[in-house]
Amino acid sequence: MSGKRETVVDVQGTVEDGFEPVRDAFAANFARRGERGAAVAVYRHGRKIVDLWGGSRDADAAPGDGAPWQADTAQVIRSATKGIAAIVPLLLHQRGLLDLDAPVGTYWPEFKAAGKDRVLVRHLLSHRAGLPVLDTPLTPEQAVDGVSGPAALAAQAPAWTPGAEHGYHAQTYSWLLAELVLRVTGRTIGTWTADEISGPLGLELWVGAPADARARAGRLADVEAPAPPASAGLRVRPKRDVADAYRDPASLTRRAFGAITPAPDENADAYRAAELPASNGIATARALARCYAALIGPVDGHPRLFAPATLTLARTEESAGPDRTLVVNTRFGLGYMLHGPASPLLAPGSFGHPGRGGCLAFADPESGTAFGYVTNGMQQNVTADPRAQALVRALRGALDA
């Protein structure tokens, strides 16, 4: 028996027979992978089969200390919000209200400035617009005012010829998508999501959370991931060019993630009340899994959200190869990351979105599976968190058994 003391957490919730390996992996995340507070949920063919939670609601507290994570604890999901936000333009397209191949300037005339008249709506969703950075970063107050971000992006020139390359729009995705939806519908993206998605499906999921939801949300904190055991292999550091990009203040990488400077306090009430569809959604794991389940099939009598043609759009590859922002090879459909080495999901046909530091949500139409994982302990990763990946591997094994 190892002399190293493992953290033991009382995991709450339920799993259906055959999916116990997911519970085991979830418990192991606390014992061996530095988890603080988290939840995971899985739907299959429209029915919930995994619903687990555990740890501390406050990531600054060690597991077992502080207020415990409850069944209804929600969490800021960072860039996993992007996958939820992408539902809105795809449904607008499905309803004939938005042309994905139209110039963005068709709906937002001011956006045509500085050589952006040929930026298409699909370029925004596939990270090909050439606008991952701001010439002048916004303050946290400007970032949430609903005006400064769209105005800055409308005025500036793209960093590359739109459509020619791709690079992750880490923060600017918020203002690009929010303004487009506002121009098309007259509603904010948070209001549209609440009215058309969260409300009808009964989801504990918000972009711009109301006061009661903000009060239920756990507290985020950056936490250090434990060193992997020697048996895990040699890949314990990022590639040098990736590390260099994150260190270089002039790189697209640093500038993209620094589009809000200084970094906002993600635990602040004003931040959580704002609508930033790239980064500040609040949700339970259960809501994420249920939402993705509803994209691919009926859920509790609710018809599926995506028609077959829309589902094809979401997961058909639009961008692949070297990502000018993330400095690794990435794959995107329209609004969604696709399965690949940089962001492993369940299977080749899966689509979804991770959140920097841990969270992950996706659907796999072929197996009828939808997955949601949220955490308050933000580890240093962007697209492939080891805790989320352990859960995905366990789920894959259970499905294959």
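Anything mentioned here points back to the structure above.
A brief look at the structure comes next.

What counts and how
- Residues numbered from 1 in each chain as written.
- Predicted model: local features only at pLDDT ≥ 70, side-chain atom pairs only at ≥ 80, totals over all residues.
- Heavy atoms only, no water.
- Helix = DSSP H or I, 4+ residues; strand = E, 2+ residues; numbered from the N terminus.
- Rg over C-alpha atoms; globule rule 2.2 N^0.38 Å.
- Buried < 20%, exposed > 50% of the residue type's maximum accessible area, 1.4 Å probe, protein only.
- Contact = heavy atoms within 4.5 Å.
- Expected span 1.5 Å × (residues − 1).
- Pairing = 2+ DSSP bridges.
- Axes fitted to C-alpha atoms, helices over the stretch in contact; angles between N-to-C directions.
- Parallel < 35°, antiparallel > 145°, perpendicular 65-115°, else oblique.
- Left-handed = near helix turned anticlockwise from the far one by under 90°.
- Nonpolar A, V, L, I, M, F, W, Y, C, P; charged D, E, K, R; others polar.
- Salt bridge = Lys/Arg side-chain N within 4 Å of Asp/Glu carboxyl O.
- Phe/Tyr/Trp six-rings, centres within 6.5 Å; stacked < 30°, edge-to-face > 60°.
- Lys NZ or Arg CZ within 6 Å of the ring centre and 35° of its normal.
- 1 Å grid on protein atoms, 1.4 Å probe; cavity = no way out; pocket = protein on both sides within 12 Å on 5 of 7 lines; lining within 4 Å.
- Points joined across faces, edges and corners; volume = space filled by probe spheres on them.

Across its full length, the chain carries 15 helices and 14 strands. Relative to the compact-globule value of 21 Å for 401 residues, the chain shows a C-alpha radius of gyration of 20 Å, a close match. Principal axes of the C-alpha set define a box for the chain whose edges measure 65 × 50 × 40 Å. Counting only residues that meet the buried cut, the chain has 56% of its 401 residues in that class. Counting only contacts in the chain whose residues sit at least 6 apart along the sequence, the fraction spanning at least 24 positions is 68%.

Here helix α8 (residues 189-201) contains 13 residues, and its C-alpha end-to-end distance of 17 Å stays within 8% of the 18 Å for a straight helix at 1.5 Å per residue. All of the buried residues in α8 are Ile-189, Gly-190, Trp-192, Thr-193, Ile-197, Ser-198 and Leu-201. The elements touched by buried residues of α8 are α2 (80-85), α3 (87-94), α7 (172-185), β5 (205-206) and α13 (285-296). Positioned one or two residues after α8, Gly-202 has a phi angle of 65 degrees, which is positive.

Two elements, strand β8 (residues 319-322) and strand β9 (residues 329-332), share 4 bridges in a ladder whose sense is antiparallel. In the sheet register, Ser-319 faces β9, and the bridge partner there is Phe-332. Here β8 hands over to β9 after 6 residues, with Val-327 in that stretch at a positive phi of 60 degrees.

Here the focus is the packing of helix α1 (residues 20-32) against helix α15 (residues 386-400). The contact between α1 and α15 brings their axes to 8 Å, and the two run at 165 degrees. Taken together, the axes of α1 and α15 are roughly antiparallel relative to one another. Where α1 crosses over α15, the two elements pack in a sense that is right-handed. In this structure, α1 contributes Pro-21, Val-22, Ala-25, Phe-26 and Asn-29 to the contact, and α15 contributes Arg-387, Ala-390, Leu-391, Ala-394 and Leu-395. For the contact of α1 with α15, a count of residues per class yields 8 nonpolar, 1 polar and 1 charged.

A few words now on the side chain of Arg-214. Examined against the element boundaries, Arg-214 turns out to sit in helix α9 (residues 211-216). Every residue in contact with Arg-214, bar those within four places of it in the chain, is listed here: Ala-209, Asp-269, Arg-272 and Ala-273.

This next bit is on the pattern of salt bridges. In the structure shown here, the tally under the stated rule is 23 salt bridges. One salt bridge connects Asp-51 with Arg-286, and the closest N-O pair in it is separated by 2.9 Å. Residue Asp-51 is found in strand β3 (residues 47-55), and its partner Arg-286 is found in helix α13; the two are separated by 235 residues along the sequence. The same class applies to Asp-51 and to Arg-286, which are both buried. A salt bridge links Asp-60 to Arg-219; the shortest N-O distance between them is 3.0 Å. Taken together, the positions of Asp-60 in the loop between β3 and β4 (75-76) and Arg-219 in the loop between α9 and β6 (221-222) put the pair 159 residues apart, joining distant regions of the chain.

A few words now on unusual backbone geometry. Across the junction of Thr-261 and Pro-262, the peptide omega takes the value 0 degrees, indicating a cis bond. Here Pro-262 lies in the loop between α11 (252-257) and α12 (269-273). Residue Ala-114 is not a glycine yet carries a positive backbone phi of 60 degrees. As for its position among the elements, Ala-114 is in the loop between α3 and α4 (121-125).

Enumeration over the complete set of coordinates arrives at 9 aromatic pairs. Judged by centre distance (6.2 Å) and plane angle (75 degrees), the rings of Tyr-292 and Tyr-336 are edge-to-face. Taken together, the residues Tyr-292 in helix α13 and Tyr-336 in the loop between β9 and β10 (337-338) connect sequence positions 44 residues apart. Tyr-292 gets classed as buried once you look at its relative accessible area, which sits at 1%. Using a relative accessible area of 0% as the deciding quantity, one classes Tyr-336 as buried. Through a chain of ring-to-ring contacts, the aromatic side chains of Tyr-168, Tyr-246, Phe-257 and Phe-332 assemble into a single cluster. Seen from the ring of Phe-111, Lys-116 lies directly overhead, with NZ or CZ sitting 5.1 Å from the centre.

Pairing is antiparallel across the open sheet formed by 3 strands, whose spatial order is β4-β7-β5. One side of each edge strand has no neighbouring strand; the edge strands of this open sheet are β4 and β5.

For α13, which comprises 12 residues, the first-to-last C-alpha distance of 17 Å matches the rise-based estimate of 16 Å (1.5 Å per residue) to within 8%. With 12 of its 12 residues buried, α13 lies for the most part within the structure. By the burial criterion, the buried members of α13 are Ala-285, Arg-286, Ala-287, Leu-288, Ala-289, Arg-290, Cys-291, Tyr-292, Ala-293, Ala-294, Leu-295 and Ile-296.

Right, let's get into the layout of surface pockets. Roughly 200 Å³ of internal volume is contained in the second largest pocket. Forming the walls of the second largest pocket are 14 residues, and the residues nearest its centre are Gly-146, Ala-178, Leu-182, Thr-188 and Glu-275. In terms of residues, the lining of the second largest pocket owes the most to one element, α7, which gives 4 residues. A breakdown of the residues in the lining of the second largest pocket according to their chemical character gives 9 nonpolar, 2 polar and 3 charged.

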